[in-house]
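For reference, the chains in residue letters:
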Amino acid sequence: MIHDLKAEKTELRRQMKALRAGFTGAARKKADEAVWRQVLALPAFEACETVFGYASFGTEIDTGKFLQACLDAGKRLYLPKVTGKQMIFRRVEDLACLVPGVWGIREPDESCEAAEPDKDFAGSFCLMPGLAFDRMCHRLGYGGGYYDRTFAGEPAVYFCAAAYSFQIADHVPADGRDIKVSVIVTEKEVIPS
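Along each chain, numbering runs from 1 in the same order as the chain's sequence is written. The predicted origin of the model limits local features to residues at a pLDDT of at least 70 and limits the giving and counting of side-chain atom pairs to 80 or more, whereas totals for whole chains, interfaces and linings rest on all residues. Water and hydrogen atoms were dropped before computing side-chain values, which therefore reflect all heavy atoms in the structure.

Asker: Which residues make up the packing of helix α2 (residues 25-40) against helix α4 (residues 64-72), and what are the values?
Answerer: Think of two packed helices as two axes; the pair is described by the angle between the axes and how far apart they sit. The interhelical angle for the contact between α2 and α4, taken along N-to-C directions, is 30°, at an axis separation of 10 Å. As far as their axial angle goes, α4 and α2 are roughly parallel. Here α2 runs over α4; the crossing is right-handed. Contact residues: α2 offers Glu 33, Trp 36, Val 39 and Leu 40, while α4 offers Lys 65, Phe 66 and Ala 69. The classification used treats Ala, Val, Leu, Ile, Met, Phe, Trp, Tyr, Cys and Pro as nonpolar, Asp, Glu, Lys and Arg as charged, and all other residues, Gly among them, as polar. Residue classes in the contact of α2 with α4 are distributed as 5 nonpolar, no polar and 2 charged. The convention used is that axes are lines fitted to C-alpha atoms, helices contributing only their stretch in contact, and that angles between N-to-C directions extend from 0 to 180 degrees. For helices the rule is a DSSP run of H or I covering at least 4 residues; for strands it is a run of E covering at least 2, with both sets numbered from the N terminus onward. Roughly parallel means an angle under 35 degrees; roughly antiparallel, over 145; roughly perpendicular, 65 to 115; everything else is oblique. Two helices crossing with the near one rotated counterclockwise from the far one by less than a right angle form a left-handed crossing, whereas a clockwise rotation gives a right-handed crossing. The contact criterion used throughout is that any non-hydrogen atoms of two residues lie within 4.5 Å.

Asker: So what's going on with the environment of Phe 89? Residues and values would help.
Answerer: Note on placement: Phe 89 falls in strand β3 (residues 86-92). The contact partners of Phe 89, leaving out residues within four places of it in the chain, are Phe 52, Gly 53, Tyr 78, Leu 79, Pro 80, Glu 113, Ala 114, Ala 115, Tyr 147, Thr 150 and Phe 151.

Asker: Any chance you could break down the packing of aromatic side chains for me, citing the residues and the numbers?
Answerer: Within 6.5 Å between ring centres, the rings of Phe, Tyr and Trp (the latter by its six-membered ring) count as paired, and their orientation is classed by plane angle as stacked under 30 degrees, edge-to-face over 60, tilted in between. As enumerated under the stated definition, the model contains 18 aromatic pairs in all. Taking 6.3 Å as the distance between ring centres and 15° as the angle between the ring planes, the aromatic pair formed by Tyr 147 and Phe 151 counts as stacked. Assigned by exposure class, Tyr 147 and Phe 151 land together as buried. With centroids separated by 5.6 Å and ring planes inclined at 20°, the aromatic side chains of Tyr 164 and Phe 166 adopt a geometry described as stacked. Burial classes follow relative accessibility: with a 1.4 Å probe on protein chains only, a residue under 20% of its type's maximum area counts as buried, one over 50% as exposed, and anything between as partly exposed. The exposure class assigned to Phe 166 is partly exposed, which follows from its relative accessible area of 23%. An aromatic cluster of three or more residues is present, and its members are Phe 52, Tyr 78, Phe 89, Phe 121, Tyr 147, Phe 151 and Phe 159. Positioned above the aromatic ring of Phe 45 is the side chain of Lys 75, whose terminal nitrogen or guanidinium carbon lies 4.8 Å from the ring centre. Between Arg 149 and the ring centre of Tyr 146, over which it is positioned, the NZ or CZ distance is 5.2 Å. Each ring is checked for a lysine NZ or an arginine CZ that lies within 6 Å of its centre and within 35 degrees of its normal; such an atom marks a charge sitting over the ring.

Asker: Could you give an account of the side chain of Arg 13, naming the residues involved and the relevant values?
Answerer: Considering the arrangement of structural elements, one finds Arg 13 in helix α1 (residues 2-21). Positive charge is attributed to Lys and Arg, negative charge to Asp and Glu, and no charge count is given to His or to the chain ends. One side-chain nitrogen of Lys or Arg within 4 Å of one carboxyl oxygen of Asp or Glu is enough to make a salt bridge. Buried within the structure, Arg 13 lacks any salt-bridge partner; Asp 178 is the closest side chain of opposite charge, at an N-O distance of 6.8 Å.

Asker: Tell me what's going on with unusual backbone geometry, and back it up with residues and numbers.
Answerer: It is generally the case that most residues other than glycine have a negative phi and that most peptide bonds are trans. Its identity as a non-glycine residue notwithstanding, Trp 103 has a phi of 60°, on the positive side. Mapped onto the fold, Trp 103 is located in the loop between β4 (98-100) and β5 (106-108). Within the chain, Cys 137 stands out as a residue other than glycine whose phi angle is a positive 70°. Position of Cys 137 relative to the elements: it lies in the loop between β7 (132-133) and β8 (139-140). According to the relative accessible area criterion, Cys 137 is buried, its value standing at 0%.

Below, the structure is given as structure tokens:
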């Protein structure tokens, strides 16, 4: 059963990476704008003071405008920095502090203050990356388990996934370690948990 789950996840990751790689140009830019317009209008986003985000890379939906909107709105913005199998979030007050990190993903440099989970996680809004999602709000990440480990046992965090509509699968294989998101926002709809 565990092997089948791993194989299912591997195949779904492969399919979604291929779909994202083929989504380019004006259609992609238009979809990005529609997604961020809806994310920024979410009551949970408007009400929060702290946002945990990520700097996009490769074929991911471009998070640049979202991150800048967080700063412009006066939110405390934290982005991840990966060290080995651990991920810590550091506060970002200017996107110019981002430097290439693991896998070439932009991360906060060492001058950025680390988040304190006991203090900063509660009541926060977390934008989570992922390759596939389903209507039960299961999320398929890249396989490293970084978000699942970092946010395990944090029910007070509002987890949001920003994705393209084709990333919504009929079924995302998941187990008890996989964190579900609170909402999925695509260019076409908002899917609540």
